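# A look at the structure
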Amino acid sequence: MPALSQSIAIAETRSTPRRGPSRGLDAVFRTCSYAAALLVLLVLAGILGSILYGGWPVFREFGFGFLTSSAWNIGTEQYGALVAVIGTLASAVIALLIGVPVSLGIAIFLTQLCPGWARKPVAMTIELLAAVPSIIYGMWGLFIFAPIFARFVQIPLSNLVEGLPVVGTLLYARVPSGVGIFTAGIILAIMIVPFIASIARDMLDQIPTVLRESAYGIGCTTWEVVRHVLVPQAAVSIIGAIMLGLGRALGETMAVTFVVGNANRLSASIFDPSSTIASRIANEFNEADGLQLNALMALGCILFVITFIVLIVARLLTRRVRAA
Amino acid sequence: MDATNPLVTTPSPLRASRVRPGRRVADRALRISCLVATVVGAVVLGSILLMLIVEGIRGLSPTLFTQPTPGPGSEGGGIANAILGSLVLTTIGIVVATPVGVMAGTYLAEYGRGSKLADIIRFLNDVLLSAPSILIGLFVYTLMVRPMGTYSGWAGGVALAIIAVPVIVRTTEDMLRLVPGTLREAGAALGAPPSKVITSVTWRAASSGIVTGIILALARIAGETAPLLFTALNNNSWFSPNLMGGVANLPVMIYQFALSPYPNWQGLAWAGALLITTTILALSIIARLVIKPQNAR
């Protein structure tokens, strides 16, 4: 770079008259690109500022109690975030429990087991799953998955566990309609699999082949190679990828709104309908007014804080590895 | 499966006895579960496409592209206004987002190398890339819908632009970084100022990558629903060019009609879903085809 700027400096001294208008243009171009980059910062600040501003009356009125109250009564103007926060966390955890093993399985299959000719089409199929809009997942979940799930899983399971302690409350569906927190978790799992799988695949691909081959050379099975060589090598970035998936699951709106059941009820059963933060905002925002609107904005604040912490950790984990 | 990996060929009976059964079972279990996971992924995609094709074709009607969405309880109707509205909204989104995204990406790749600010912006852009779109909807609602007092197509377009910008910034920066430094030096050696070098050398060398980013952003915003709920909303009337009040668009139309009790509304929702998904999948595939020559180099 110093050589470049020097040569420009020399050029400037020699032909100052011709450089005049062009230099002005140069400064304008530079300022434009700088402003555009700053706009990204401004948007992020604007998002936080607008929901803080909108949610402020609720935080002032209910204080910390907003987080711990499970009330959501429009008539008496009592609002609490507990049900939606628990719904959000529960559906995201279910999504991770189901989605992570599946996506790691796909990543391992694509990098280690898949025959060469099938690799590209299979990878493409999985990546196309990421492009399908979330509303389509919602429709699929509500019209195709939920009826099958209710008939073949919920009803038999409810009959089986009815009256039993613990599992009887955890797995009993009062209304076996197929919608609820668990269905939302499954749909979210399907939606985050392509993301986690494609990042994990990239990370596994980056591991030097020599490591893999030497492990096979001393007689390891594929399982042992994966368990003792590949996973330790890619662990940090795979955790980053999982966090990225978690961030997506927490903030996902439309698909969840279709299948979560949208009830404000704190239930011990994972098959009962409930709501998440995003689904409640999507459901009520257009008819909301006054304090209810502020309460929805305040829910947005909580969602912002949760997802941004998760996403920042995720980016730090995936970035550290890229730099190394 | 074994044939794919010459290093773990099926052991001969004599050697098989030397491999502890536990190890063999663990290995077999891993292979089978990985295969099952992949098959499940493919089956889900297949099932979604099958659902869309079956229900979408059932929802097709001759008036689909000629009539606006019908009112509650009335027969027939089409989704012409929603298609037109979606086209307008995504166009506004991409027209606003492209210059901002490309310029910001240019700053990060060309001017901001090694600067702390650029590092922060790059990091936050990555965070914004996967931020919940519903929060962006709330932001634009506060920024535009509240002050203007009405839902509008402009607000919807801006919300979509905010979602598209991080995608374009990221791909533009990545693609500009692939351009070899010698090209820039050659341009500078001819006496071209940095802006000239960027516009006529680096941008041109990275053009197919930048276009890919724009197509990917287009695919991303075409199906976005959540932010439009609070900004463009929907309406049943024919498209009005001033974009004030609600503007019909496919995603919100699908959301409202799919959950409605009227069979003809549901049929229209399915037809819209088929239309939007095929468009987005086609865009994603096109984006991959465009980027191919770039990678080959």
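Our structure is the block above this text.
The notes below deal with the structure included here.

Further remarks concern the overall build of chain B. Broken down by element type, chain B carries 12 helices and zero strands. If you list the helices and strands of chain B from N to C, you get α-α-α-α-α-α-α-α-α-α-α-α. Put simply, of all contacts in chain B between residues at least 6 apart along the chain, 73% involve residues at least 24 apart. Of the roughly 12700 Å² of accessible surface on chain B, 68% is carried by carbon and sulfur atoms.

To continue, consider unusual backbone geometry. Residue and element names in this part refer to chain A. In this structure, Glu77 is a non-glycine residue whose phi angle is positive, near 55°. Looking at where Glu77 falls in the secondary structure, it is placed in the loop between β1 (72-73) and β2 (78-79). Positive phi, close to 50°, is recorded for Asn262, a residue that is not glycine.

So, about the side chain of B:Ser133. Residue and element names in this part refer to chain B. Along the polypeptide, Ser133 turns up in helix α5 (residues 133-148). Since its relative accessible area comes to 11%, Ser133 is described here as buried. Setting aside its immediate chain neighbours within four residues, Ser133 contacts Ile163, Glu224, Ala226 and Pro227.

On to the interface of chain A and chain B, then. Contact residues are listed per partner, giving 84 residues for chain A and 85 residues for chain B. The junction of chain A with chain B conceals about 7800 Å² of combined surface from both sides, 77% of it contributed by carbon and sulfur atoms. Interface area lost by chain A to chain B is led by A:Phe29, A:Val40 and A:Arg315, which between them contribute 9%. On the surface where chain A and chain B come into contact, there are two salt bridges. Between B:Arg288 and A:Glu127 there is a salt bridge; the shortest N-O distance is 2.7 Å. The dominant element in the side of chain A that touches chain B, judged by the number of residues it contributes, is helix α2 (residues 16-62) of chain A, at 21 residues. Here the side of chain A that touches chain B is built from residues that sort into 57 nonpolar, 17 polar and 10 charged.

Residue and element names in this part refer to chain B. Tallying each qualifying case throughout the model produces 13 salt bridges over all chains. Among the salt bridges present, the one from Asp126 reaches Arg170, with a minimum N-O distance of 3.1 Å. Note that Asp126 is positioned in helix α4 (residues 116-129) and Arg170 in helix α6 (residues 153-178), a separation of 44 residues in sequence. Of the residues examined, Asp126 reaches a relative accessible area of 10% and is grouped as buried. For Glu173, the salt bridge goes to Arg177, with nearest N and O atoms at 2.7 Å. One end of the pair, Glu173, and the other, Arg177, are both in helix α6, four residues apart, so they sit about a helical turn from each other. Classification of Glu173 by relative accessible area gives buried; the value is 4%. Of the residues examined, Arg177 reaches a relative accessible area of 39% and is grouped as partly exposed.

Residues and elements named next belong to chain B. Helix length check: α5 (16 residues) gives 22 Å between terminal C-alpha atoms against 22 Å at 1.5 Å per residue, within 8%. The principal kink in α5, of about 45°, is found at Tyr141. Within two residues after α5, Gly149 carries a phi angle of roughly 80°, on the positive side.

Moving on, we get to a nonpolar patch on the surface. Side chains of A:Val93, A:Leu97 and A:Ile98 sit close together on the surface and give an oily, nonpolar patch of about 270 Å² of accessible area. Tracing the chain through its elements places A:Ile98 in helix α4 (residues 82-113).

Attention now moves to the state of the cysteines. According to the stated counting rule, one finds zero disulfides over all chains in the structure shown. Sulfur of A:Cys220: no disulfide; nearest cysteine sulfur belongs to B:Cys34 and is 16 Å away.

Time to look at the packing of helix α6 (residues 134-161) of chain A against helix α2 (residues 21-59) of chain B. Helix-helix packing: each pair is described by the crossing angle between the helix axes and the interaxial distance. Following both chains from N to C, one finds α6(A) and α2(B) inclined at 85°, their axes separated by 11 Å at the closest point. Viewed along their axes, α6(A) and α2(B) adopt a mutual orientation that is roughly perpendicular. Touching A:Ile136, A:Tyr137, A:Met139, A:Trp140 and A:Ile144 of α6(A) are B:Val44, B:Ser47, B:Ile48, B:Met51 and B:Leu52, all from α2(B). Its residues assigned to classes, the contact of α6(A) with α2(B) shows nine nonpolar, one polar and no charged.

In the structure shown here, the tally under the stated rule is 17 aromatic pairs over all chains. Ring geometry for A:Phe62 against A:Phe66: centres 6.5 Å apart, planes inclined by 25°, an arrangement best described as stacked. Both rings, one in B:Phe257 and one in B:Trp265, keep their centres 4.1 Å apart while their planes meet at 10°; by these two values the pair is stacked. Ring pairs connect the aromatic residues A:Trp140, A:Phe145, A:Phe149, A:Phe182 and A:Phe271, which therefore count as one cluster. Its end group placed over the ring of A:Trp72, A:Arg280 keeps NZ or CZ at 4.5 Å from the ring centre.

Cut-off values and rules
Residues numbered from 1 in each chain as written. Chains lettered and ligands numbered in written order. Predicted model: local features only at pLDDT ≥ 70, side-chain atom pairs only at ≥ 80, totals over all residues. Heavy atoms only, no water. Helix = DSSP H or I, 4+ residues; strand = E, 2+ residues; numbered from the N terminus. Contact = heavy atoms within 4.5 Å. Areas by Shrake-Rupley, 256 points an atom, 1.4 Å probe, with all protein chains shown as cover. Buried < 20%, exposed > 50% of the residue type's maximum accessible area, 1.4 Å probe, protein only. Buried area = accessible area lost by both parts, 1.4 Å probe. Salt bridge = Lys/Arg side-chain N within 4 Å of Asp/Glu carboxyl O. Nonpolar A, V, L, I, M, F, W, Y, C, P; charged D, E, K, R; others polar. Expected span 1.5 Å × (residues − 1). Bend = angle between axes of the 7 residues up to and from the residue. Patch = residues over 30% accessible without salt bridge, like charges linked within 9 Å, V, L, I, M, F, W, Y side chains within 5 Å. Disulfide = S-S within 2.5 Å. Axes fitted to C-alpha atoms, helices over the stretch in contact; angles between N-to-C directions. Parallel < 35°, antiparallel > 145°, perpendicular 65-115°, else oblique. Phe/Tyr/Trp six-rings, centres within 6.5 Å; stacked < 30°, edge-to-face > 60°. Lys NZ or Arg CZ within 6 Å of the ring centre and 35° of its normal.

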